[in-house]
Amino acid sequence: MKLPHAVNVLLLGSGGREHAIAKKISESQRLSKLYIATGNGGTASCGINVPDLSPVNFGGIKQFVISNNINLVVVGPEEPLVKGIADYFQNDSDIYHIPVIGPAMAGARLEGSKAFAKEFMVKHGIPTAAYRSFSKDCADEACEFLETFEAPYVLKADGLAAGKGVLIENDIESAKAAVRTILGGQFGMAGNNIVIEQFLSGIELSVFVATD
């Protein structure tokens, strides 16, 4: 869909990532109004924070979009994407015409499930560290699998855990204890499954790509 010359934008999120996105959007000559839900102190200098609108309150977002004549929705956090906000817009006759910058639920699953992402990489021949995933009723089996690796041990809660779901343990006993802690609920439902992965040493690089 072609956007109007003067665009009203709703940006979802409240972190540093959203501050960076908000700053660049605010520099566009085509911007009319920029709203950020929920926003933070930094985003307040770029647009209008909407502190009472949660990025996962899809019904509330719909009403806000309609009431404020929003032309474009930009999604910063993973959670609303994993929960299907792009699909929600596409399947609602009142707002389907409003573009959402972010993948559909099926694509967001690559971020929402580490086990699914590993399976995807193996299936499509994308290089990745050796691994196995285990459900919460397989803690003993997971601990046995740790014995096949050398330290350090990489343990990942399968689901979204606000960037805190990865543990690196340097000895086998602490790794086994961490397995039981994760599967026991340390990260809530995100830890219902665990990925145990071979440790790879090197420089970590994150790449974000925006495409039509």
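The structure reproduced in this document is the subject of the present report. These figures come from a predicted structure and were not determined experimentally.

Overview of the nonpolar core
With 22 residues, the main nonpolar core has L146, L155, V179, I182, I194 and I196 as its most contacted residues. With six residues, the top contributor of residues to this core is helix α8 (residues 172-186). Excluding residues that lie within four positions of it along the chain, I194 makes contacts with R132, S133, F134, L155, K156, D158, V179, I182 and L183. Among the nonpolar cores identified, the runner-up in size contains 21 residues, and A37, I61, V65 and L81 belong to it.

Focus on the pattern of salt bridges
For the coordinates displayed, the defined rule picks out eleven salt bridges. The salt bridge partner of K24 is E27, with a shortest N-O separation of 2.9 Å. K24 gets classed as exposed once you look at its relative accessible area, which sits at 55%. Residues R132 and E141 are paired through a salt bridge, measuring 2.7 Å at the closest nitrogen-oxygen approach. A relative accessible area of 36% places E141 in the partly exposed class.

Considering the packing of helix α7 (residues 139-146) against α8
One can describe the packing of α7 onto α8 by two numbers: an axis separation of 10 Å at closest approach and a directional angle of 150 degrees. It follows that α7 is roughly antiparallel to α8 by the angle criterion. As α7 runs across α8, the sense of the crossing is right-handed. Only I172, A175, K176, V179, R180 and L183 of α8 make contact with α7, whose side of the interface consists of A139, D140, A142, C143 and L146. Of the residues assigned to the contact of α7 with α8, the class counts are eight nonpolar, no polar and three charged.

The rules we used
Residues numbered from 1 in each chain as written. Predicted model: local features only at pLDDT ≥ 70, side-chain atom pairs only at ≥ 80, totals over all residues. Heavy atoms only, no water. Core = buried A, V, L, I, M, F, W, Y, C linked by side-chain atoms within 4.5 Å. Buried < 20%, exposed > 50% of the residue type's maximum accessible area, 1.4 Å probe, protein only. Helix = DSSP H or I, 4+ residues; strand = E, 2+ residues; numbered from the N terminus. Contact = heavy atoms within 4.5 Å. Salt bridge = Lys/Arg side-chain N within 4 Å of Asp/Glu carboxyl O. Axes fitted to C-alpha atoms, helices over the stretch in contact; angles between N-to-C directions. Parallel < 35°, antiparallel > 145°, perpendicular 65-115°, else oblique. Left-handed = near helix turned anticlockwise from the far one by under 90°. Nonpolar A, V, L, I, M, F, W, Y, C, P; charged D, E, K, R; others polar.

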